[in-house]
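Summary of structural features
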Amino acid sequence: MLFATVVSATAGGLMTNTNQSASFLRSIARGTSLDPDAVYNNPAGVVFMADGWHLGLTNQMAWQTRQTESTFAAFAQGEGNHGATKTFQGKVFSPIIPSFQLAWKKNRWAVMAGMGVNGGGGRVKYDDGLASFERQYAVLPTAVSALGQPFGLSADKYGMNMHFVGTLMTLQFQVGAAYRITDWLSASVLLRVGVTSNKYEGYMKDIRINPTCAAFNLTGQMIPAAQFFQLVADRLPTVGMGDLAPEALKYAALTADHSLDVKQTGTSLSPVIALAVHKGKWDAAVKYEFKMPTEVKVKSSAASAADPVINGIFPDGTKMKSETPALLTVAASRWCGPVKITAEWHHYFDKDADNSFKQNGTVKGNTNEYLIGAEWQLSKRWLVSAGYQQTVYDLDAAHYSDMNFVTSSFSLGFGAAYQVSRALRLNLGTMSTFYDKVTNDLGNGNKDVYSRKNSVVGIGLDFKF
């Protein structure tokens, strides 16, 4: 699935965004939160909050760069290329990533609802296309020269224009209730709805080569490849090779202009269960999010549906599995004077989820995340915090592609909260993620080196009334 994860501009596993608030950005480990973001992070803990209404509103802004440094010998023949190594970048800017959490608590009961971006969350642009697509056309001069040797046909240069844009968004809506079983133990059950809407746009056009062949009156000028293959199909019978004309016509179609205009939509329904402990200075919580069994339907424009290249990637009218794996989270925290320290563990059951990563053989094992955060109550109004997250994937880089790659990373976040009044608190946070570089050896000296950069800032308001 093209651009399967390119727009995931926030924290979490292969398909999951666990960053649902500005409070997360400033402290990261939020598994025992008793603030409004507990609706997502610690739903069973909501019953340990004060009686009344609690509302959290957040908007985040994210920047991301995804880069593939591709070495492929044939790139040296490309117009404007500088040797066999070429860098392809996808850039994301997401100014609006909203979320809200709402809870009402009375005595031993609480009811709650929330909305956030569970996956994707932005728009990525590849102004120069993707290495995996250019490689398919970079070999044209070599192939033409090899096949045309018997009648003096050769080429040593190619050119093309590419541009791709992907917009991915999976919104998560959840409603549920929590009950305090004892003074220190509670449980909750929630129902989660995922709504996925993806859009892919772009083109591959102006595919050109510079053939030379005296018999065909070709002088080495750059001409459209489709025009060239049509000419070859017409002229092959004159040199006694008419049986190859159908193959030339096939290449004429493959090297014509290609337009990408595809949408994917789907919904899913899954439960979430949780337990929480709140006793003295200690808090603990465990939460299990069941797999989101999303299946997206592909809808292409007429031009994309009729295009053999585009329709080969996105078969119009088909359905594709895009499941979000189940997630187990365990967290514990303790107040040490004015400082709250939280440690947390996330386990994503990637091997059990049918999505693009599993389908192409990338997944070797499940993903683990390790989080730690600290909040320091400086005064009645001011709180400062910071956090760390380590994300460890178990993936096979040999199955990576520039359309579908994720690398292990660590994230650092920090920020502050200011108590404006008894009923209102302001949260400010920022987080940067630092990814490992991963090399995919393609053989014969060819390789792809994948890397990413990611930064997020957020502002949130917590209301109590």
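These figures come from a predicted structure and were not determined experimentally.

**A few points about the overall build of the protein chain**
Tallying secondary structure elements over the protein chain gives nine helices and 20 strands in all. C-alpha extents for the protein chain along the principal axes are approximately 90 × 40 × 35 Å. Counting every position in the protein chain, which comprises 465 residues, the buried fraction comes to 51%. Intrachain contacts of the protein chain at a sequence separation of at least 6 include 71% that bridge at least 24 residues. Accessible area of the protein chain: about 19300 Å², with a carbon and sulfur share of 60%. When the 42 positive and 36 negative side-chain charges of the protein chain are each reduced to one mean point, those points stand 11 Å apart.

**Remarks on the pattern of salt bridges**
Scanning the entire structure with this criterion turns up 18 salt bridges. A salt bridge links D183 to R108, with the nearest nitrogen and oxygen atoms 3.3 Å apart. With a gap of 75 residues between them, D183 in the loop between β4 (158-180) and β5 (185-209) and R108 in the loop between β2 (85-106) and β3 (109-126) connect regions that are remote in the sequence. According to the relative accessible area criterion, D183 is exposed, its value standing at 56%. Taken together, the shared-partner salt bridges in this structure form one network comprising R26, R30, D35, D37, E375, R425 and D462.

**A short note on helix α4 (residues 140-148)**
Looking at α4, one finds that the buried residues are L140, P141, V144 and G148. Along α4, the residues classed as buried sweep out an arc of 100° about the axis, all on the same side.

**Notes on the nonpolar core**
Judged by nonpolar contacts, the single largest core of 48 residues is most densely connected at F164 and F228. Among residues more than four places away in sequence, those in contact with F228 are V144, L153, I209, P211, L218 and I223. Residues A38, M112, A274 and A285 belong to the second largest nonpolar core, which totals 16 residues.

**With respect to the pairing of strand β1 (residues 52-71)**
Relative to β2, β1 runs antiparallel, the two sharing 19 bridges. In the sheet register, T71 faces β2, and the bridge partner there is T85. Across 18 bridges, the pairing between β1 and strand β20 (residues 446-464) is antiparallel. Across the sheet, L55 pairs through a bridge with F463, a residue of β20.

**Things to note about the confidence of the model for the protein chain**
The share of residues in the protein chain with pLDDT of 70 or more is 98%, and the mean pLDDT across the chain is 93. For the stretch residues 1-7, pLDDT sits under 50, and the model shows 44 contacts to residues farther than four places along the chain or on other chains.

**Concerning the environment of N161**
Relative to the assigned elements, N161 resides in strand β4. Within the structure, N161 has its side chain in polar contact with the side chain of D206 (distance 2.8 Å).

**Details of the pairing of strand β16 (residues 382-392)**
Going residue by residue along β16, you find L383, S385, G387, Q389 and T391 tucked away on one face and W382, V384, A386, Y388, Q390 and V392 left uncovered on the opposite face. Where strand β15 (residues 367-377) and β16 come together, 10 bridges link them in antiparallel fashion. Each residue of the ladder has a partner; that of L371, found in β16, is Q389. Counted along the chain from β15 to the antiparallel partner β16, the turn is four residues long. When β16 meets strand β17 (residues 409-421), the two strands line up antiparallel, connected through 10 bridges. In the sheet register, W382 faces β17, and the bridge partner there is Y418.

**What about the packing of helix α5 (residues 225-235) against helix α6 (residues 245-254)?**
The N-to-C vectors of α5 and α6 enclose an angle of 165°; their axes lie 8 Å apart at closest approach. In this view, α5 runs roughly antiparallel relative to α6, as classed from their interaxial angle. When you trace α5 past α6, the crossing you get is left-handed. Each of A226, F229, Q230, V232 and A233 in α5 lies in contact with α6, whose residues at this interface are A245, A248, L249, Y251 and A252. A breakdown of the residues in the contact of α5 with α6 according to their chemical character gives nine nonpolar, one polar and no charged.

Definitions and limits used
Residues numbered from 1 in each chain as written. Predicted model: local features only at pLDDT ≥ 70, side-chain atom pairs only at ≥ 80, totals over all residues. Heavy atoms only, no water. Helix = DSSP H or I, 4+ residues; strand = E, 2+ residues; numbered from the N terminus. Buried < 20%, exposed > 50% of the residue type's maximum accessible area, 1.4 Å probe, protein only. Contact = heavy atoms within 4.5 Å. Areas by Shrake-Rupley, 256 points an atom, 1.4 Å probe, with all protein chains shown as cover. Lys, Arg positive; Asp, Glu negative; His and termini not counted. Charge placed at Lys NZ, Arg CZ, Asp CG, Glu CD. Salt bridge = Lys/Arg side-chain N within 4 Å of Asp/Glu carboxyl O. Arc of directions from axis to C-beta. Core = buried A, V, L, I, M, F, W, Y, C linked by side-chain atoms within 4.5 Å. Pairing = 2+ DSSP bridges. pLDDT = per-residue confidence, 0-100. Polar contact = N/O pair within 3.5 Å; in protein donor to acceptor, adjacent residues only side chain to side chain. Axes fitted to C-alpha atoms, helices over the stretch in contact; angles between N-to-C directions. Parallel < 35°, antiparallel > 145°, perpendicular 65-115°, else oblique. Left-handed = near helix turned anticlockwise from the far one by under 90°. Nonpolar A, V, L, I, M, F, W, Y, C, P; charged D, E, K, R; others polar.

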